[in-house]
Each structure stands twice: as structure tokens, then as C-alpha cells.
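# Remarks on the overall topology
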Amino acid sequence: MFFSGDSSIRKRVDMGGRSSKERDRQKLVEQTRQERKRRNRLREQTSAALTIQKFFRGRKAVEAEQAKVREQFFTTYGRHFQNVDRRSFGPDSEFLRQLLFFFDARNVGDFSALVETCRLLQNFVRDTGDAVSLFAGMDYSSKNALVDYRVKQLAFACIQAVHQNRNHFKAQLLITPDDSSSPTIILLEAVVMLLDPKLPWGCKIVGHLLQRNIYTLLRGIVLAAKESMKICTGKASSLERLLMLLISHVGHNPCTCPIIDPRWSFSSQILTIPFLWRLFPYLKEVFARRGLSQHYIHQMACVKNHTNVLPGDISADFPVAIDVAAVMTFLLQALPPMKSSNRESKESEDEMAVGDEIPKKVVSGDLEQQISNAIDARFLLQLINVLFGEISLVNHSFEKGPDDKEVAAIGAACAFLHVTFNILPLERIMTVLAYRTELVPLLWKFIKRCHENQKWSFLSEKLAYLSADMPGWQLPLAVFCPVYKHMLTIVDNEEFYEQETPLSLSDIRCLIVILRQALWQLLWVNPAMPPNVMKPVPEVTSHRGQPLESTQQRVSIVTAELLSQLQDWNNRRQFAPPSYFHADAVNDYFISQAVIENTRAYTILKQAPFLVPFTSRVKIFTSQLAAARQRDGSHSVFTRNRFRIRRDHILEDAFNQLSALSEDDLRGLIRISFVNEFGVEEAGIDGGGIFKDFMENITRAAFDVQYGLFKETADHLLYPNPGSGMIHEQHLQFFHFLGTVLGKAMFEGILVDIPFATFFLSKLKQKHNYLNDLPSLDPELYRHLIFLKHFKGDISELELYFVILNNEYGEQTEEELLPRGKNIRVTNENVITFIHLVANHRLNFQIRQQSSHFLRGFQQLIQKDWIEMFDEHELQLLISGSLDGLDVDDLRSNTNYAGGYHSGHEPGSLQLESIMSLRCSGKFSKVFPWKIR
């Protein structure tokens, strides 16, 4: 054979640039490191095995010793404890030491021994009434260490035994001690006896229990008891009594209990149990009575900073957010309302509210700050979004009602928000709920589905936050109405009418029907409180004391407010017939009752007048005016006030003479005689016609825009001139006088042709105007503000600040909308605030003084209660009459003839033709006013 290979020896070259010696050295170091790790792991395994073996041998030795002591115990004291007496519990006896040493909650014999021990203990204490001497003898101070150790171990052993056997005795866990001698009741009553606040070791026992995470065991016991739902009413169960004693130990003087990890606290382990308050109704009362809410609110505020705080037994079907909401609901219920903010006070001044009640009991400043920090906008946003996170907006069929999961989420959110509305200032949370959550559309779909499928009774059964007698629809409406009402003050006309957000107009029509039926049910069919008790105030006290009555009162208030606001939107541009707002059951009996105070009809007329048709309210109004004129002697034979008025100085003379009259004189008869330009008194006797002519002339002169007290909108509607003080030095006195003149005209049933702007008429009702009222005053400004609202770019580049420029008769003044507003730039974050401050300035602030004085004069003759029956459009009808057509054919067919006249008589036909011509000219309203004499 011949060699065919390559005889040359090729040198191996490391392309990495390292020599083979260096590579071999690194490989050796790595092998040495791995070998060292292997030896360390082997040593750790050997050490762990030795530890386990040592523990096992020790455990076996302890078990052997326990078995030996157990046998010795029963030999000494007997299987049935026949050898046990009072001395067995003393400090020198081995009875408790041996029992607590070998006790195993899993051992049936040990469990029976502990039960018999607790039974004997309660008997001995009941006989003598002295538990201290039973455990310590005659001198507790010298034996306190031993005694405290034994009672701590005994209390924990009892709770541990109940927890171990909770499933076997779950049907007996919630019964009262008087109803049963169940082993679990004996054990729990023994712990209750040991925790008596009068005993010297109470805090020491609770401290020991807290260190052993006792609330975790109690949670397991409560959850087992909840499965049976066998609740004995009328008295607190032993388990509830134990919890009532434990919650009072919060580490404050004189209590010395330690502060524990929030994961094992009462708030995390117990307050998060669903349906807790149905199980333990008395626990809630103790919580509120002892003023423990501040501690637990602070504890829950700290919980926000922990990620794994809530118990692990909360399933996916009952989200963590529901438990957090349940805890916060309970804690907030024990608090009075917070102090009103400056903004709320300012708005109340702008609305000229009088007689508002200020809560006497409010949260302290420190606690208010704590709560505000805990329940801020970000927390609310996260909580509501998590609760509603799995509830789809579109995937629900309206053919079936909500499922249990949806009911749980809706119920938890509504209960928490309902209590929050009564505690926290609404301005901090309403905008977040309205615009940064899906609460309104989701809650509306839920309400609509329940209404269409008649599922409200099902909701009452499923919601743990409702009283047994409370209808299921009250809680969702208590939350939906104020949030949607707040949203309606922010949305613009295009969003509401054109884009139909957040609810379509068809949904709103359905909503009106639901709200109307609910309100009628609350106020007429089943009123919860006497009519004279219900007051339409914005803040209602917490419903923990009377959950049914106060919640029902709150729902009636917010429902009426929302319906009233929807009626305002319908008046601006009709999307529903006016009859949608009228209750079906209004009849003659209702109208007769409406004028009697402290009746249900009277309450409805004051709180929800829109439920009554306009014509019925006009009848009530005219009867009230007639009664007032009769009472004040307006038809007396002798007239006390006669005035001579110069026709060419009618306004000045009327102002000087009528302003001097008292309120009683204004309500009486006033006779007028006119003086011509030559100073001669015109002939004639004033039987009412001259006074009516006087009223028409004076209103025509005073409300003329040329006089400077009033201005016109683009639609020729009148409103107070913000610059009236620059024209008339006594302009405020003139507004008071003109209010009196208008009131006198209405009081006497005289129609005056004065078309007022709607936003000014709202001032006669002491209402606040919002952005949506601005188009009637300044359409151009409204368009600019809406442009800012929907501006997609960076608004700060527009160089706008929180100031507004006033221009009255060529004189320009700059006014700040906020303190130091000229230094606050308008940005994308605060543009909504800027928009509404501008609208508030133009609609409310600028005319506040003129409107206030006009209202004072008006209310001298027309009571506030009379005007509150009507909205602004209806009030204009009362002032000026209707412009609608008159049915002359109906008048002809219902005319009664007498004195020889008949339907074919020529004078009667001529009169009807005259009425027809007046109708065509639009002047018939002054011939047929709303008040018929």
C-alpha cells in the first residue's frame, strides 16, 4: 500500500486569539467552581436531613410525652371529670397545665375534654362571679405571669378547636347561648367570659390572639357558618359577641394590644366577608357606638400600599374589588358628612339660597384629610373600573336579567358610592365618575334590563347591602341619578341632542318613564316618612340608623332633581311629549289634597311638581292667590291706597309712591288716577281697568331696553343689564321695585307683555344656570367655549388665562375667574373648569345683585312655594299668557246663552268673530288670561 495523506503537520490556531494554555486554565476554574457547588449542595441536603430527623424525633418524643401526660390526666381527673373541682383551676393545680400541654384540636377526646373544662369553668364563675380568684387564688399580683399564660393558651385553644371542627358544627355556629348547649357555643362563651373588659388580662389575651393571627381562624369559622345561613334573630350569637369584644382592642389607651400586619387584621380578614352584616347586625352597632371607625379607616388607607393584603380564599367569581368596596362602605357609614368646600359655598351664594341647613356634626379636619387621601379620584377610578371591568356594554341580552356576578359588582359599587356621596364633598368625585368611568352607561343598561325583565325582586334578594324591606331599584337609582345629573351640567347641546351621548334620546325617554314611576311610588304609593319630615336638601345623613327611610328619602330627592333637569332639556328642544313627565293617577282628589299641608299630594307638589299637569297646577295656583287676596282683604270696600300718577312721569311717580308701601299695603287694593300733561286729573273711577292700564304702561316703560335696566338677547328676550349701575345710581332699588311690580301683576292676575330670558327666570326660582343656558345669552361665546372643549391640540398654546374681559358701554375691565387667575394658564387638564367658570360668570355672577333685588321685591307678593310649582317656560306663561291658538269652535259649542240671546243672534256672532281676529293677530291672550274672574 502507498501513503496517500498529507505528511505535513498543521499547527492548530485559536481564532479567538487565545492560547490553549489560557483556555485550559479557564476550563479548570469552571470545573472547580461546579464541584464546590456540588459539595455545598450535598452538605445542605445532609444538614436539612439531620434537621428534619431531629424535628421528627423531637415531635415523636413530644407526642409520646403528650400521650403519657394525657393518660395521666384522665387517670387523675377521670374520663368524665368527676374529680375536677374549683381548686383544679388554681395556680397550684396541674389540671390546666396538663390539658393545655397535650391538647390537640384534631383529637376527639381532647376536644371533648376542652368542652367539659369550659363548661365547668363557666359554672364555677357563674356561681361565685369571680374569675380572677378561680385562676389566681387570693393573690393575683404574685401569680399574674402564670395565670396570664394559662388564660391566653386556654382562649386560643378554644378558638382553634372551633375552627378545626367548624364544618361539623357549622349549623350551630350562629345560634345564641340561650338556644343551645352546643360544644362550639360552650367554647366561644368561655372565650367571651375570659375577654370580659373588667378582668385584668383582657388585653394580654387579645394581644396573644392577634399574634397567632386569630382573625384568620375566625374568618374560616364565619365562612363555614355563612354556608348554613341559620341565623337566630333577636339576640347576638356567641360568635358575634366574641367579635364585638375583639374589635374594641385597637392599640389605643388604655388598650396595650400590638399593631399587627394588615394582612391578618380585622379589616382584611373579617370585613371582607360577603353578607357580613346579615350575619352580625349587632357588630355594626358596636363599631359605630364606640367610635372605632377612625382606626379602621386609617388601617384601610394603609392597605392601599400593600399588594397581597386580602385573604386568599376570595374566588374569581367574587372579585377583590367587591371586598374592598364592602369594607369601605362599612367604615364610611359610621362617619358624619365632611365640611362643605369653598366652591360649594360660593355656588350657594350665587343661587341666593336662603334657610339652608348646615350640618352640625362634621368630620374633624385631620380625619377628613385622611379619608380624602385614602379615597381620592385615582382610587375611585381604579375601584369602579375593576368592579365593572368584566361587565360588557354590548354583550348583554335584554331578554334576560343580570346574573349573580353582575349583581354583586353593581351592588358593591352602588353601596360604596351611595355612602360616599353622603360623606365626601361631591365636587371631588362626580366629574371622575361621570367622565372617566363607564358608570352611567353600564348602570343605565343594568336598570333598563331589570325594569324590562321585572328583576327588581331578584336584586333585593341578592344584594347584601339592602334592607330586607327595601326595593331592589332604590340603590342603583341612588347612585345613577346624581352622577347622570352632574354629567348633564357638563355636556353641551350637540353632545346631548346630536351625538346622543352618553344615552340615546330613546333611552332617555325610557329613563323618564322609569324615574316617573319610581318617584310616584316613593312619594304617593309608599312614602317612607311623614310628608312634613321630607326636605329637599342636597345632603342626607348616613342611612345606617334608618336604612329604609333615609335611603328612600335620598332616592326621591335625586330622582326628582334628575327628572327636573331632563325636563329642562326637553324644554330647550323637545324630544319627548310633556305627558311623559306627568303621573297617570293625578285626579280631582289629588288636586284637592295638594293645597293642604302635610299631605302626600302637597309633598309631591313641592318636591316633584312636574308629575302634575300644568293646567292642574294653574288651578292650584289661582286658588292660592284667591285665598291670599281674601285673607289680606284685597276685595274690601274701602281702599287705603290711592295714587296720582303723571302720565309723562309714570315710572318716577310709581317708584316714589309704591316703594313706600308695606307688604300688607301692596297686597291690598291700589287705586290709580292719572294726571295729564297739564296737571289735570283725568276723569274716571278706577274699578280695576285703570290700574290694569297703569300696570301695562309702567312695565312697558321700565322694561324698555332704552331705559337701561334691562338688555335684550338675540331672540329679544329680556335680562338684567350687568352695567345698570353705570346708568342709574339707584339701579338696585329700581330692580327691587320692578320685582314688586311684576309680583303685583301676577298677584292680581294681570298679564304683562314682558318676554324674559329663561336664564333670568331661573333666578326667580333660585336656580343655578349652567353652560347649556349660555346660547340664549351669547351664542357666539357659547360656540367659542364648545370649540375649546373639543380642541384636539395643546390648549396652552392659545395663551388663555383664568380671566374674563367685561365690556360695558365702552369701558373694559378684566376680572379673574379664580384667585390669581391672571397667572393660571388654561390647559387641556383645566379647560373644562375654565369653560364652566366663564359660563357661570356671564349667567350668574354678572347679574347676581340685580337678580337678588328683583327677587326680593317679587317675593313680597308671590311666595317662593307658589313659583316652585312651575318651570321657567311655564312661569313665562303665567306672566304673559299663551301664544297658542284658541279653539273658537269649541268655545262656540260650549257657550251658554241667556236673557233672550241664542246661537244665531247677531251680537253673539260678532263677538266670536272678534275673538277669531284676535287669535289670528296673537293678541287674544290678554282677553283670555290664565286667571278667569
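Bear in mind the structure is a predicted one, so any value in this text is a computation, not a measurement.

## Some details on the overall build of the protein
- Within the protein, the regular secondary structure consists of 40 helices and six strands.
- Burial analysis of the protein (933 residues in total) assigns 49% to the buried set.
- Sequence separation of at least 24 residues holds for 77% of the intrachain contacts in the protein that already meet a minimum separation of 6.
- Just so you have it, the protein exposes about 46,800 Å², and 51% of that area is on carbon and sulfur atoms.

## Digging into the pairing of strand E1 (residues 641-646)
- The side-chain alternation of E1 yields one buried face, formed by Asn 641, Phe 643 and Ile 645, and one unburied face, formed by Arg 642, Arg 644 and Arg 646.
- Pairing analysis gives six bridges linking E1 to strand E2 (residues 670-675), with the strands arranged parallel. The partner of Phe 643 across the bridge, within E2, is Ile 672.

## So, the pattern of salt bridges
- Across all of its chains, the model carries 26 salt bridges by this definition.
- Between Asp 653 and Arg 646 there is a salt bridge, with its nearest N and O atoms 2.9 Å apart.
- A relative accessible area of 9% means that Asp 653 is categorised as buried.
- Through salt bridges that share partners, Glu 35, Arg 38 and Arg 39 make up one connected network.

## Re the pairing of strand E5 (residues 803-808)
- The pairing of E5 with strand E6 (residues 811-816) spans six bridges and is classified as antiparallel. Following the sheet pairing, Glu 808 is matched in E6 by Glu 811.
- Taken together, E5 and the strand that follows it, E6, pair antiparallel across an intervening segment of two residues, in which Tyr 809 is found at a positive phi of about 55°.

## Structural notes on the packing of helix H29 (residues 650-658) against helix H32 (residues 731-747)
- Where H29 contacts H32, the two axes come as close as 11 Å, and the packing angle between them is 80°. With respect to H32, the element H29 is oriented roughly perpendicular. Together, Leu 651, Ala 654, Phe 655 and Leu 658 of H29 and Gln 733, Phe 734 and Phe 737 of H32 make up the contact between the two elements.
- Classifying every residue of the contact of H29 with H32 gives six nonpolar, one polar and no charged.

## Notes on the side chain of Asp 148
- Examined against the element boundaries, Asp 148 turns out to sit in helix H5 (residues 140-164).
- If near-sequence neighbours (up to four positions away) are discounted, Asp 148 is found in contact with Tyr 140, Trp 201 and Lys 204.

## Brief notes about the nonpolar core
- Judged by nonpolar contacts, the single largest core of 156 residues is most densely connected at Phe 480, Tyr 484, Leu 566, Phe 694, Phe 710 and Phe 756.
- Broken down by element, this core gets its largest block of residues, 13 residues, from helix H24 (residues 505-525).
- Setting aside its immediate chain neighbours within four residues, Phe 756 contacts Phe 703, Phe 710, Leu 717, Leu 718, Leu 742, Leu 761, Gln 876 and Ile 879.
- Ala 131, Val 162, Met 193 and Leu 239 belong to the second-largest nonpolar core, a separate cluster that totals 82 residues.

## Here we look at a nonpolar patch on the surface
- On the surface, Met 726, Ile 727 and Tyr 809 cluster together into a nonpolar patch covering about 310 Å² of accessible area.
- Assignment of secondary structure puts Met 726 in the loop between strand E4 (718-720) and H32.

## Some points on unusual backbone geometry
- Cis geometry is adopted by the peptide bond preceding Pro 502, which originates at Thr 501 and carries an omega value of 0°.
- Position of Pro 502 relative to the elements: it lies in the loop between helix H23 (493-498) and H24.
- We note that Glu 500 has phi near 55°; this positive angle belongs to a residue other than glycine.
- With respect to the helices and strands, the residue Glu 500 is situated in the loop between H23 and H24.

## Thoughts on helix H27 (residues 600-607)
- Counting buried positions along H27 yields seven of eight residues, so the element is predominantly enclosed.
- Three or more residues of H27 are buried, namely Ala 601, Tyr 602, Thr 603, Ile 604, Leu 605, Lys 606 and Gln 607.

## Quick notes on the side chain of His 163
- Along the chain, the position of His 163 falls in helix H5.
- Residue class for His 163 comes out buried when judged on its relative accessible area of 18%.
- When near neighbours in sequence (up to four residues on either side) are disregarded, His 163 contacts Leu 217, Gly 220 and Ile 221.

## What about the packing of helix H18 (residues 404-423) against helix H22 (residues 474-488)?
- Two elements in contact, H18 and H22, have axes separated by 9 Å at closest approach and are oriented at 60°. Considered as vectors, H18 and H22 are oriented oblique to each other. Considering only the axes of H18 and H22, their crossing is left-handed. Residue-level inspection shows Gly 411, Cys 414, Ala 415, Leu 417, His 418 and Phe 421 of H18 in contact with H22, the latter providing Leu 475, Pro 476, Ala 478, Val 479, Pro 482 and Val 483.

## Structural notes on the environment of Ile 754
- Counting through the fold element by element, Ile 754 comes out in the loop between H32 and helix H33 (758-764).
- Of the residues examined, Ile 754 reaches a relative accessible area of 3% and is grouped as buried.
- Ignoring anything within four residues of it in the chain, the contact list for Ile 754 reads Thr 699, Phe 703, Leu 718, Gln 876, Ile 879 and Ser 880.

## Remarks on the packing of aromatic side chains
- What the rule picks out here adds up to 45 aromatic pairs.
- Summarising the aromatic geometry, the rings of Phe 756 and Phe 854 are spaced 6.4 Å apart at their centres and angled 70° between planes, so their arrangement reads as edge-to-face. Here the residue Phe 756 occupies a position in the loop between H32 and H33, and Phe 854 occupies one in helix H36 (residues 848-858), the gap between them amounting to 98 residues. Note on accessibility: Phe 756 and Phe 854 belong to one class, buried.
- An aromatic cluster is built from Phe 73, Phe 74, Tyr 77, Phe 81, Phe 89, Phe 95, Phe 102, Phe 124, Phe 135, Tyr 140 and Trp 201, whose rings are joined through pairwise contacts.
- For Arg 79, the ring lying beneath its charged end belongs to Phe 74, and the centroid distance is 4.4 Å.
- The ring of Phe 156 carries the charged tip of Arg 212 above its face, separated from the ring centre by 3.9 Å.

## Some words on helix H34 (residues 779-789)
- Those residues of H34 not exposed but buried are Leu 781, Tyr 782, Leu 785, Ile 786, Leu 788 and Lys 789. Along the axis of H34, the buried residues cluster in a sector spanning 155°; they form a single face.
- Buried residues along H34 sit against helix H19 (430-435), H23 and helix H35 (831-845).

## Here's the deal with the confidence of the model for the protein
- Scored by pLDDT, the protein comes out at a mean of 79, with 73% of its residues at no less than 70.
- Predicted confidence for residues 315-319 stays below pLDDT 50, and this span has six contacts to residues more than four positions away or in other chains.
- Note on residues 531-546: pLDDT is under 50 here. Beyond four places in sequence and across chains, it has 41 contacts.

## A look at the environment of Leu 154
- With respect to the secondary-structure elements, Leu 154 resides in helix H5.
- Sequence separation between Leu 154 and Arg 97 is 57 residues; the distance between their C-alpha atoms is 9.9 Å.
- Setting aside chain neighbours within four positions, we find Leu 154 in contact with Leu 100, Leu 114, Leu 121, Phe 135 and Leu 194.

Definitions and limits used
Residues numbered from 1 in each chain as written. Predicted model: local features only at pLDDT ≥ 70, side-chain atom pairs only at ≥ 80, totals over all residues. Heavy atoms only, no water. Helix = DSSP H or I, 4+ residues; strand = E, 2+ residues; numbered from the N terminus. Buried < 20%, exposed > 50% of the residue type's maximum accessible area, 1.4 Å probe, protein only. Contact = heavy atoms within 4.5 Å. Areas by Shrake-Rupley, 256 points an atom, 1.4 Å probe, with all protein chains shown as cover. Pairing = 2+ DSSP bridges. Salt bridge = Lys/Arg side-chain N within 4 Å of Asp/Glu carboxyl O. Axes fitted to C-alpha atoms, helices over the stretch in contact; angles between N-to-C directions. Parallel < 35°, antiparallel > 145°, perpendicular 65-115°, else oblique. Nonpolar A, V, L, I, M, F, W, Y, C, P; charged D, E, K, R; others polar. Core = buried A, V, L, I, M, F, W, Y, C linked by side-chain atoms within 4.5 Å. Patch = residues over 30% accessible without salt bridge, like charges linked within 9 Å, V, L, I, M, F, W, Y side chains within 5 Å. Left-handed = near helix turned anticlockwise from the far one by under 90°. Phe/Tyr/Trp six-rings, centres within 6.5 Å; stacked < 30°, edge-to-face > 60°. Lys NZ or Arg CZ within 6 Å of the ring centre and 35° of its normal. Arc of directions from axis to C-beta. pLDDT = per-residue confidence, 0-100.

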